[in-house]
Amino acid sequence: MARPAMWQRTLLAAGRELGVDGLAAIAVGALERELEVLREDPDLLDAARASTVANLALVEQLASGDVSLGELEPPPQAAAFARELARRNVPVGELGRAYRVAQLALWRWTVAEVRRRIEGDEEVSAAIEAVSEAAFATGDVFSTMVMERYAVERDRWARSADAMRSATVHEILAGGPVDAAAAGARLRYELGQEHRAFVVWAGLDGDLPESAAETLGGGRALLVPMGVGVVAGWCPADAVAREPAGAAAVALGTPGSGIEGFRASHHEAMEARRVARLVGRTDQVVRYEDVALLALLTTDLEQARAFAARRLGPLAAGDEAARRLADTLLTVLEEQGSPRRAAQRLGVHENTVGKRLRAVGELLGEDPQRSPAELLAALLILRATRDG
């Protein structure tokens, strides 16, 4: 096996120094800026990130000489990204554009590293020429592989029963007039009943959501893939299992009847999932009724953060002292203003809670219990977003 050239050794060292995650962040940042379809869909962006990481690992093998271009096979994560675009009917041109955008971002990083790490104008010019040639050759092979996979997946999806089921569900969720009897017949699901919608996705242990969704909804459930590693489901309201199998994460809507209930319960389940991801609760069942207030408060996340920062002022600072005071005030407000019950929850003396409340009052310049609704809303937003 030929020894890697100097430019290859240089870039391998630079890449290992930054790490795959750092390189992926460069590419994914460019993808998020340039491709609207990814900006608007966090799940699709996650799929693009997983594809990027897998492709970068393959590029490292190429640069190390462990594999050749002729031996390349698309990694499963790249195939999954192509498959998801095909299922969503995203034009194939967007897939090709994604690879070009990521390639350009990484090429610019590469050229900058060559200029920083290699001395001599001639050596730098030769390295950039070699890097550019390798980048174009590799990019051509990668894009060809995924375009072929997209074509296969698009054809397979168009012929599948899943496609008809997914199209019917999306037609219902779009909110237009729907023939409930005809749609129910296509779905083999009774749309006139009382439903409870749920969304299942991979939890912390990476369990597949399909099996958990089947367990959760039972034999009468309607299950539809909604993205990479995400399954939406509906079942009779009284048929939801207490807990799903495995470590998949689950979000539940509230029961609703007929077509409108089908839509509303699904919207609530998706909102519960959004809140669960926002606060990092991805290893348990999250019910919409338990997070409805936070869902409403964070519908516009940027505005919510601005409101919390404005209302709480220094109490929203990220240092340990401010966090302790904010958590204490939130607990007191959740306990209807009772320092005694708050002290029990926090595991401290009631006098300690009193001292903290006085410190809060000094920071805010007001009695912290005079406008509890506003402060409670701001503190809930702060708790949900300060680590995000």
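Residues numbered from 1 in each chain as written. Predicted model: local features only at pLDDT ≥ 70, side-chain atom pairs only at ≥ 80, totals over all residues. Heavy atoms only, no water.

Trainee: What exactly am I supposed to notice about the overall build of the chain here?
Mentor: A count of helical and extended segments in the chain gives 17 helices and 6 strands. Expressed as lengths along the three principal axes of its C-alpha atoms, the size of the chain is roughly 75 × 60 × 35 Å. Each of the 388 residues in the chain was classed as buried or not, and the buried ones make up 45%. Taking the intrachain contacts of the chain between residues at least 6 apart in sequence as the baseline, contacts between residues at least 24 apart amount to 69%. Of the roughly 19800 Å² that the chain leaves accessible, carbon and sulfur atoms contribute 51%. (Helix = DSSP H or I, 4+ residues; strand = E, 2+ residues; numbered from the N terminus. Buried < 20%, exposed > 50% of the residue type's maximum accessible area, 1.4 Å probe, protein only. Contact = heavy atoms within 4.5 Å. Areas by Shrake-Rupley, 256 points an atom, 1.4 Å probe, with all protein chains shown as cover.)

Trainee: For this particular structure, what's the right way to read the pattern of salt bridges?
Mentor: It is possible for side chains bearing opposite charge to pair when their charged atoms get close. Following the criterion strictly, the structure yields 23 salt bridges and no others. Arg 186 is the salt-bridge partner of Glu 171, the closest N and O atoms lying 3.5 Å from each other. Residue Glu 171 is found in helix H8 (residues 161–173), and its partner Arg 186 is found in helix H9 (residues 180–187); the two are separated by 15 residues along the sequence. According to the relative accessible area criterion, Arg 186 is partly exposed, its value standing at 34%. Connected via shared salt-bridge partners are Asp 43, Asp 46, Arg 49, Arg 273 and Arg 277. (Salt bridge = Lys/Arg side-chain N within 4 Å of Asp/Glu carboxyl O.)

Trainee: Before we go on, may I ask you to explain the packing of helix H2 (residues 20–34) against helix H6 (residues 92–117) in this structure?
Mentor: Packed helices, taken two at a time, are described by their axes: the angle between them and the distance between them. For the pair H2 and H6, interaxial distance at closest approach is 9 Å and the crossing angle is 130 degrees. Comparing their axes, H6 and H2 come out oblique. Once H2 is placed against H6, the crossing between them reads as right-handed. Facing H2, whose interface residues are Leu 23, Ile 26, Ala 27, Ala 30, Leu 31 and Glu 34, H6 presents Arg 97, Ala 98, Val 101, Ala 102, Ala 105, Leu 106 and Trp 109. (Axes fitted to C-alpha atoms, helices over the stretch in contact; angles between N-to-C directions. Parallel < 35°, antiparallel > 145°, perpendicular 65-115°, else oblique. Left-handed = near helix turned anticlockwise from the far one by under 90°.)

Trainee: Just checking my understanding: could you explain the environment of Val 111 for this structure?
Mentor: The residue Val 111 is located in helix H6 in this model. With 18 residues separating them along the chain, Val 111 and Glu 129 place their C-alpha atoms 9.7 Å apart.

Trainee: What am I meant to see in the layout of surface pockets here?
Mentor: Over the atoms a probe the size of a water molecule is rolled, and this reveals where empty space is left. Its boundaries defined by the atoms lining it, the second largest pocket holds a volume of some 980 Å³. Taken together, 36 residues line the second largest pocket, and the ones lying closest to its centre are Leu 56, Val 59, Glu 60, Leu 106 and Thr 138. Counting only elements with at least two residues in the lining of the second largest pocket, the list comes to helix H1 (6–18), H2, helix H4 (42–64), H6 and helix H7 (121–159). Among the elements that make up the lining of the second largest pocket, the one with the highest residue count is H4 (9 residues). A per-class count over the lining of the second largest pocket returns 24 nonpolar, 10 polar and 2 charged. (1 Å grid on protein atoms, 1.4 Å probe; cavity = no way out; pocket = protein on both sides within 12 Å on 5 of 7 lines; lining within 4 Å. Points joined across faces, edges and corners; volume = space filled by probe spheres on them. Nonpolar A, V, L, I, M, F, W, Y, C, P; charged D, E, K, R; others polar.)

Trainee: How should I be thinking about helix H5 (residues 76–87) in this particular structure?
Mentor: Think of an α-helix as 3.6 residues a turn; residues three or four steps apart then line up on the same face. When the terminal C-alpha atoms of H5 are compared, their 16 Å separation across 12 residues agrees well with the 16 Å that a helix rising 1.5 Å per residue should span. Among all positions in H5, only Ala 78, Ala 79, Ala 80, Phe 81, Ala 82, Glu 84, Leu 85 and Ala 86 are buried. In the stretch just after H5, Asn 89 is the one whose phi turns positive, near 60 degrees. (Expected span 1.5 Å × (residues − 1).)

Trainee: What is the right way to read the confidence of the model for the chain from this model?
Mentor: A low pLDDT means the predicted coordinates there should not be read in detail. With 94% of its residues at a pLDDT of 70 or more, the chain shows a mean pLDDT of 86. When mean pLDDT is compared element by element in the chain, strand E5 (residues 256–257) scores highest at 94, while helix H10 (residues 209–217) scores lowest at 80. (pLDDT = per-residue confidence, 0-100.)

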